[in-house]
Amino acid sequence: MNKLTSLILLIVVLIGCNNNTNTTNENPISTDTGNTTDFSNTDSKESTFDFKSFPKGWVQLTEVDKKMAVLRNCDAVNLTLYFTENDNNQPVIVLDGPQDDMGFDVESYSQPNDTIIFTVKEKDSRNLQYFKFIWTDKEKGLGYWIIPGWSTEAIFVVSGKQLDYPVVYCDDEDGEEPYPVISEYKLKDNVSNKFQYYLQFLSKGEENNKLKISIYNKETSEVQEIYYQPRCIFDFESLCSEVSYFKNNKKIDEGLEGHHNFIIADYNFDGLEDFAILKDVGGGGGSWFTYFFQDKYGKFREDNFFPLNDVSSFPFEINPKDKTIKIGHPVGAMKAWSAVFQLKDEGWEMIHSETEDFTH
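Each value, and the rule that gives it
The written sequence of each chain sets the order in which its residues are numbered from 1. Local features in this predicted model are restricted to residues whose pLDDT is 70 or higher, and side-chain atom pairs enter the listing and the counts only when it is 80 or higher, whereas totals over whole chains, interfaces and linings include all residues. Only hydrogens and water are set aside when side-chain values are computed; all heavy atoms of the structure are taken into account. Paired strands are those between which DSSP finds at least two bridges. Working definition: helices are DSSP H or I runs of at least four residues, strands are E runs of at least two. Numbering for both runs from the N terminus. Axis geometry follows a simple rule: fit a line to the C-alpha atoms, using only the stretch in contact for helices, then measure angles between N-to-C directions, giving values from 0 to 180 degrees. Between N or O atoms, a polar contact is any pair within 3.5 Å; within protein, one atom must be a potential hydrogen donor and the other a potential acceptor, and residues adjacent in sequence are included only when both atoms are from side chains. Residue contacts are defined here by distance: any two heavy atoms, one from each residue, within 4.5 Å place the two residues in contact. Salt bridges are defined as contacts in which a side-chain nitrogen from Lys or Arg sits within 4 Å of a carboxyl oxygen from Asp or Glu. Exposure categories follow from relative accessible area, calculated using a 1.4 Å probe and restricted to protein chains: below 20% of the type maximum is buried, above 50% is exposed, and the middle band is partly exposed. Two aromatic rings from Phe, Tyr or Trp, using only the six-membered ring of Trp, form a pair when their centres are within 6.5 Å; if the ring planes differ by under 30 degrees the pair is stacked, by over 60 it is edge-to-face, and anything between is tilted. Charge-over-ring placement is defined geometrically: NZ (Lys) or CZ (Arg) within 6 Å of the ring centre, and within 35 degrees of the ring normal.

J.: Got a minute to help me understand the sheet that holds strand β25 (residues 347–357) in this structure?
T.: The strands that make up a sheet pair up through hydrogen bonds in the backbone, lying either parallel or antiparallel. Taken together, the 4 strands give an open sheet; going across it, the order is β22-β23-β24-β25, and neighbouring strands pair in antiparallel fashion. In this open sheet, the two edge strands, each paired with only one partner strand, are β22 (317–319) and β25. The mean angle between the axes of side-by-side strands here comes to 15°, regardless of whether they run parallel or antiparallel. Direction of pairing for β22 relative to strand β23 (residues 324–331): antiparallel, over a ladder of 3 bridges.

Right under this line is the structure:
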């Protein structure tokens, strides 16, 4: 074998060894996190983690007197966590705590073992963080969320199932002192196709009552809680009479005294279910109601510009075609007042009112 041939063989051997070395040492430290769905790479492998079936709403639980409970409006408010989407249909994790909501874009998720890992990036930030979740009792909807900067390890329950746990509600002035639950009531299942309503009467005495309204969204499993202060003191059991006039062509039948106290209807003609709840039993002029309006996200809020906020009695006609609401009540012993409010592009307007003698 001449020198040229030997040199060529030596070069071939060296190249082969170098290729083997590169192949072997490409990942000297294992970073395997299981199959990962990466939203920045549309060609990525499909994750073994089933994100679609993963619950999208969570409520933190805290141990109080050796029992798990939900804290509300205390010095240590429980965190709620839920998933939504951004404008690019990318999942977003929202943390709702004592301060403002915090949103985190989900860059990817994976499940290498029992731990589900969400790689997230806070809005307007380039830094990646890792939210981890571990089921502790899947049947009961319980699991640990491990969130950087919030808690080393916090137990959460699937939104909706927190109704199985007591609520420790604290008044701003009373600090940690809870309002005891005097009684509770679940509205009929068929009163609404979309929501299930729960009422809890909280009291610290005749002059200090609150009503907690829990609204369970049957479509999203999210729960909204509203703490409501009625003007008057009324028997809780008398509150528990509900009716729906929402998209069922039922004729309104609410008198000055003989009326329901939780009334579902579309009061602002946007096609969404709203509700009215008793505020004050009133006198001869009829009872007062507080109105809560559903927004496009399925949450209920009061509307300070709704004309019936300061008017006693429930409407005797709600006309979606004309977008009008008609009300009326007695004025003294011999007269009656009536009015018509119409929703226009610029807002509500009273388009007619009159006071007339009772007709017999």
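And the narrative resumes.
J.: I'm lost on the pairing of strand β24 (residues 335–344) in this one. Help?
T.: Walk down a regular strand and you will see the side chains alternate between the two sheet faces. Where β23 and β24 come together, 8 bridges link them in antiparallel fashion. Within the sheet, the bridge partner assigned to Ile325 lies in β24 and is Phe341. Note: β24 against β25, 10 bridges, orientation antiparallel. Across the sheet, residue Ala336 finds its bridge partner in β25, namely Glu356. Two successive antiparallel strands, β24 and β25, enclose a turn made up of 2 residues.

J.: Honestly, the side chain of Asn319 in this entry has me stumped. Any pointers?
T.: Structurally, Asn319 can be placed in strand β22. Within the structure, the side chain of Asn319 is placed 3.0 Å from the backbone nitrogen of Lys321, a separation counted as a polar contact. In this view, Asn319 contacts Phe269 and Thr324; residues no more than four positions away in its chain are not counted.

J.: Would you take a moment to explain the pattern of salt bridges for this structure?
T.: Once their charged atoms are close, side chains differing in charge can pair, the charge on each being opposite to the other. Tallying each qualifying case throughout the model produces 6 salt bridges. In this structure, the salt-bridge partner of Lys186 is Asp189, at a minimum N-O distance of 3.4 Å. Using a relative accessible area of 46% as the deciding quantity, one classes Asp189 as partly exposed. Taking the shortest distance from any N to any O, the salt bridge between Glu225 and Lys212 comes out at 3.6 Å. Within this pair, whereas Glu225 is found in strand β16 (residues 223–228), its partner Lys212 is found in strand β15 (residues 209–217), the two being separated by 13 residues in sequence.

J.: Sorry if this is basic, but what is going on with the packing of aromatic side chains here?
T.: How two aromatic rings sit relative to each other is set out by the distance from centre to centre and by the angle between their planes. The full count for this structure, using the stated rule, is 38 aromatic pairs. Judged by centre distance (5.1 Å) and plane angle (70°), the ring pair of Phe195 and Phe300 falls under edge-to-face. Highlighted residues: Phe195 in strand β14 (residues 195–203) and Phe300 in strand β21 (residues 300–302), separated in sequence by 105 residues. Between Phe289 and Phe314 the ring centres are 5.6 Å apart and the planes differ by 70°, which places this aromatic pair in the edge-to-face class. Of this pair, Phe289 sits in strand β20 (residues 286–294) while Phe314 sits in the loop between β21 and β22, and the two are 25 residues apart along the sequence. In this structure Phe289 comes out as buried when scored by relative accessible area, which is 2%. Members of the aromatic cluster, connected to one another through ring pairs, are Phe49, Phe51, Phe54, Trp58, Phe83, Tyr109, Phe118, Phe133, Trp135 and Trp145. Of note, Lys56 hangs over the ring of Phe51, and the distance from its end group to the ring centre comes to 4.6 Å.

Scope: geometric values only; no functional claims are made or implied.
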